[in-house]
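# Chains, contacts and geometry: an overview
Spelled out from the first residue to the last, the chains are:
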Amino acid sequence: MAKDGTMRGGARVGSGRKSKALTEKIDSGLAATVIDLPEPAEISGEDVPPVKDFLKAAQKSGIDLCAEDVFKATFLWLKERGCDRLVNTQLIEQYAMMVSRWVQCETCISEYGFLAKHPTTGAAITSPYVTMSQNYLKQVNQCWYQIYQIVKENCSVEYGGANPHDDLMERLLSARKK
């Protein structure tokens, strides 16, 4: 209790022992609980759910939006690890869209440069694409950490190795060729 009589304080967010990954718990012989989802009523033979139209929309700049490819690659990566039903499809869509927007910003930086002209003074300023690119990359990383955390906590097989997030630079370089 604080001096003024109010009940403030308590445990800090993020304090305490960090949770172990499911594979680490299994390896060390600890009790591990796995989320057991019920089987779906209908079984469909789709590898990837249908991609929403906004992930395939034509862009004003003429640059191809790579969101569809990112969505499919991420979903298939999750499916290989058995976590496709644990991660919300909207989270995967958000991740795919953020990656594609980051690639667009980086392409514009390559095309127009790091500097822009101030609209009123005419002085050189940092290109707005640089700031947008940094913001999108920050969002991409946050979204990926959410997805990866779900996989880490619920995957009973090895979840390491190549993942869709490692291919960001490859996407950027392949977008420049087009």
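Before reading on, note that the structure itself is shown above.
Here goes a summary of the coordinates provided. Quantities reported herein were computed from a predicted structural model and do not represent experimental measurements.

### So, the nonpolar core
Within the largest apolar cluster, 29 residues are counted, with the highest numbers of intra-cluster contacts made by Phe-71, Leu-78, Tyr-95 and Ile-147. Listed by contribution, the elements that provide at least two residues to this core are helix 2 (67–80), helix 3 (89–112) and helix 4 (128–154). Sorting elements by how many residues they give to this core places helix 3 first, with 9 residues. If we skip the residues at most four places from it in the chain, Phe-71 touches Val-48, Pro-49, Val-51, Leu-55, Thr-89, Ile-92, Glu-93 and Ala-96.

### Some words on helix 4
For helix 4, with 27 residues, the first-to-last C-alpha span of 40 Å sits near the 39 Å given by 1.5 Å per residue. Within the span of helix 4, buried status applies to Val-130, Ser-133, Val-140, Cys-143, Trp-144, Ile-147, Val-151 and Asn-154.

### Some points on the environment of Tyr-95
For Tyr-95, the position within the fold is in helix 3. By relative accessible area, Tyr-95 is classed as buried at 0%. In this structure, the C-alpha to C-alpha distance between Tyr-95 and Val-140, residues 45 residues apart in sequence, is 6.0 Å. Setting aside chain neighbours within four positions, we find Tyr-95 in contact with Val-70, Thr-74, Val-140, Cys-143, Trp-144, Ile-147, Pro-164, His-165 and Leu-168.

About the criteria used
- Residues numbered from 1 in each chain as written.
- Predicted model: local features only at pLDDT ≥ 70, side-chain atom pairs only at ≥ 80, totals over all residues.
- Heavy atoms only, no water.
- Core = buried A, V, L, I, M, F, W, Y, C linked by side-chain atoms within 4.5 Å.
- Buried < 20%, exposed > 50% of the residue type's maximum accessible area, 1.4 Å probe, protein only.
- Helix = DSSP H or I, 4+ residues; strand = E, 2+ residues; numbered from the N terminus.
- Contact = heavy atoms within 4.5 Å.
- Expected span 1.5 Å × (residues − 1).

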